[in-house]
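Structural characterization, general
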Amino acid sequence: MQPDEAGGGTAVTPSAEFPPLRPDEVATLRRIGARWQPDRPAGGLPVDPTLDRYRGRPAPTRFGRLAPIEMFAGQPGELVATPPAHEPRSRPARAVSRLRRVVLGPPLRSSAVLYERMRKLVALPILSSDLLSSVAYGPEAMLTVLVLAGSGALGLSLPLAAALVLLMIAVGLSYRQTIPAYPHGAGSYIVASDNLGVTPGLTAAAGLMLDYVLTVSVSVAAGVHAVTSALPALAPFNVPLGVLVILVLLAGNLRGVRTAGNIFVLPTYAFVVAVLALLVVGWWHAAGRGFAPVPPPPVPAAEGLGLLLVLRAFASGAVSMTGIEAVSNAVPAFRPTEWRNARTTLGWMVAMLVVLFAGLTVLIHLDGLVPRPEETLLSQLGRLTFPAGPWYPLLQASTALILLLAANTAFNDFPRLLFFMARDGHAPRRFLHMGDRLAFSNGLVALATAATVVFVAFGGHTASLIPLYAVGVFLAFTLSQSGMVVHWRRHRGRGWRRRLGLNAVGAVLSGLVLLTAAVAKFAEGAWVVVVAVPLLVLLFHRVHRHYARLHRALALHPPTAGPPAGPAVAPTPGSAEGEELPQQVRHLVVVPMARLNRASLRALAYAASLGQPTLAVHVAPEDAEAERFREQWRAWGDHVRLETIVSPYRAVIGPLAHYLEALHAAGPELTLTVIVPEVVTRRRRHRPLHSRAEQRLRDALRALPGVVVTSVPVHLTE
């Protein structure tokens, strides 16, 4: 099967939050337009909407000494907003905007999205930092469990490492063939949804989301631990340091993909070079003694050596594979040809992972090292291999950097997963929005917030976070590979049996690790993920149910039969919010009046200018005040029907809202337009001096169907 034949997904563009209409919706739109009877003035619009009439040499205005800047550029049939059009009007907001530009950089045009994609040499460090950095704590996590049975059990690390290497290769090959099958994004969510159904897809998404949050927390915790191993004086500040690192990662990713790539390229490559140098020198020393392993120091057994402990050690070592799915999730972020570049990058990543993981595990065994709480195994190995010179500090510095920056993989994939889920209606639509640097800002902030909460809650301890780690990611692995088995059975192209077999092996092995991690680590904290996944799936279904109900409510309905130019069609009773033709709308304009002044008279004049039935309403605290207002009203001329409401308990908003609700119940086919006079002050410090009754009334009426609330502002000039 060729990549272009695959389904699944659409390109990630800034226009994704504005989906086009379906063909049936376009047909309905044409039928509605055929019956549209607008009341368009014969002379056209009173101003030129293209703004060409007002173009010319800028000149100072009465509101300022500086000449105005053109904020829109004209093109045939459209206007294009220029950068000044994005600037806020108030001085404090402009100061915040300038600070934002300093931190995040200037905004990027939507057309720059293609240039923000990654080439392979940049994508490799961005997407592999999580996967490769896990070798700094993956072997140690496995040995930490084995040493509970005493130093004699550490010999099992070699067969367990061999099994993990086979698992890495199997899952890596499975994802390599998943990428061309889903060239627009081969994430576990898309693959499982497309082949297994909505609920399995959402289950995979929930597992991945938890994995990404834990990736940030674990990577930052491990990085801070690497720093405190070299600088023990910083140990009391591990939580503030970790939070600071998460904020720095957030700022770097908010600047966009290319900027993030420039930040994360050097640390990743420096770590790979440092570990390879460590392996070369360490293996050279081992060869000098004939590869004879150094006996580890005696460690008393705290637990008996049994199958459960071995399975726990295997599951702990499997955290070295977290991040292997990052490339398949981020296929749209590559430069063309996207799927081919992504597959090549994944091949490099898996090869480097196997070499680093296997080499470190065997070297630790040969040097007889055991885990110690005060120092990481990689630090011990570095001190032993490089007893003098600058190499140990360089190793620790590169390790700390890649561990701290490994969370960038999650920052790249978490927002993209939310994008695909929001596109399908299973996540809030705000996650479809690209920020002004063409990054999914809302998704990045959501990830940073969740990771910070988890990091602080667990005190920044890596050992406390590791048990939560493997369940979510291997749940996604299992569902993704199972989905690919179904995919190959449906699309029986050339070599489908071989591809099906590879994905089946990956699914079985991932499923075994999933069961092992869930059972063996359930009491240590894995129960949190086991409980959280179904709760998240339920939440996703509720979000989708809301959007489905919204879509049904806002769907276009064909107009009733009849000639396009015929008489106005009477709306169905009780459907004041269902009109789609101007001749179907019946208005009643209501103007709440507190007193007769310029603001209220301007609101009345605006209401009367609409040419619709108009009603004025006054709420008085007692009969005497109501009579005084009616006398003033008659003095004005009684040009509009007035209704007074006496509120003996002196409440205004409640009685007025209930009166409007009663009006709507008496005429459900009417559209009530409530026009509220509003005094607008120039200075913020003056706002607390006003009651803001118009905003309170708007809030009270927001839940009432068939009611439109608008305000007529009167601006204070002093």
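Because the structure is predicted, anything quoted here is derived from the model rather than measured.

Tallied over the entire structure, the rule returns 9 salt bridges. E669 is the salt-bridge partner of R586, the closest N and O atoms lying 3.4 Å from each other. Of this pair, R586 sits in strand β3 (residues 586-593) while E669 sits in the loop between α23 (653-666) and β6 (670-680); the two residues are 83 residues apart in sequence, bridging distant segments of the chain. Judged by its relative accessible area of 45%, R586 is partly exposed. Across the pair E627 and R634 runs a salt bridge whose closest N-O atoms are separated by 3.3 Å.

This brings us to empty space enclosed by the protein. Counted by the stated rule, this structure contains 4 cavities of 30 Å³ or more. Lining the second largest cavity, in full, are G187, S188, Y189, I190, L208, N329, D413, R416, L417 and F420. Mapped by element, the contributors of at least two residues to the lining of the second largest cavity are α6 (188-196) and α15 (408-423). Residue contributions to the lining of the second largest cavity peak at 4 residues, all from α15. When grouped by side-chain class, the residues that make up the lining of the second largest cavity number 5 nonpolar, 3 polar and 2 charged.

Turning next to the sheet that holds strand β5 (residues 641-646). The parallel open sheet is built from 5 strands, whose spatial order is β5-β4-β3-β6-β7. The open sheet terminates on both sides in strands that have one partner only, identified here as β5 and β7 (707-715). Strand after strand, the sheet turns through a mean of 25° between neighbouring axes, direction not considered. The pairing of β3 with β6 spans 5 bridges and is parallel. Counterpart to L588 in the pairing with β6 is L672.

We now examine a positive patch on the surface. Positive charge collects at one region of the surface, where R542, R545, R549 and R552 lie side by side. The residue R542 is located in helix α20 (residues 522-554) in this model. For R542, a relative accessible area of 49% gives the class partly exposed.

Looking now at the packing of aromatic side chains. Summed over the entire model, instances satisfying the criterion amount to 8 aromatic pairs. Taking the centre distance of 6.4 Å and the plane angle of 85° together, the rings of Y212 and F414 count as edge-to-face. On the criterion of sequence distance, the pair formed by Y212 in helix α7 (residues 198-230) and F414 in helix α15 is long-range, its members being 202 residues apart. Y212 sits in the buried class, given a relative accessible area of 2%. Taken together, a centroid distance of 5.1 Å and an interplanar angle of 80° make the contact between F474 and F477 edge-to-face. Here F474 and its partner F477 are both found in helix α18 (residues 469-490), 3 residues apart, which amounts to about one turn of the helix.

Calculation rules
- Residue positions are counted from 1 within each chain, in the order its sequence is given.
- Confidence filtering applies because this is a predicted model: local features only for residues at pLDDT of at least 70, side-chain atom pairs given and counted only at 80 or more, and all residues used for totals across whole chains, interfaces and linings.
- Note that the side-chain values use all heavy atoms of the structure and ignore hydrogens as well as water.
- The term salt bridge refers to a pairing of a side-chain nitrogen on Lys or Arg with a carboxyl oxygen on Asp or Glu at a separation within 4 Å.
- Only runs of H or I of at least four residues qualify as helices and only runs of E of at least two qualify as strands under DSSP, and these elements are numbered from the N terminus.
- Partly exposed describes any residue whose relative accessible area lies between the buried limit of under 20% and the exposed limit of over 50%, with all areas from a 1.4 Å probe on protein chains only and scaled to the type maximum.
- Every definition here rests on a 1 Å grid over the protein atoms only: cavities are sets of points where a 1.4 Å probe fits but cannot get out, pockets are open sets enclosed by protein on both sides within 12 Å along at least five of seven lines, and lining residues have some atom within 4 Å of a point.
- Grid points are joined across faces, edges and corners, and a volume is the space filled by probe spheres set on the points.
- For this classification, the nonpolar set comprises Ala, Val, Leu, Ile, Met, Phe, Trp, Tyr, Cys and Pro, the charged set comprises Asp, Glu, Lys and Arg, and every other residue, Gly included, is treated as polar.
- What makes two strands pair is DSSP finding at least two bridges between them.
- Helix axes use the C-alpha atoms of the stretch in contact, all axes being lines fitted to C-alpha atoms, and the angles between their N-to-C directions lie in the range 0 to 180 degrees.
- Like-charged residues are merged into a patch within 9 Å and nonpolar side chains (Val, Leu, Ile, Met, Phe, Trp, Tyr) within 5 Å, provided each residue has over 30% relative accessible area and no salt bridge.
- Where accessible areas are quoted, they stem from the Shrake-Rupley method and a 1.4 Å probe; at the residue level, only the protein chains shown are allowed to cover.
- Positive: Lys, Arg. Negative: Asp, Glu. His and the chain ends are not part of the count.
- A charge is said to be at NZ when it belongs to Lys, at CZ for Arg, at CG for Asp and at CD for Glu.
- Whether two aromatic rings pair depends on their centres lying within 6.5 Å, for rings of Phe, Tyr and Trp, where Trp uses its six-membered ring; planes under 30 degrees apart make the pair stacked, over 60 edge-to-face, and the rest tilted.

The values reported here are purely geometric and, on their own, carry no functional implication.
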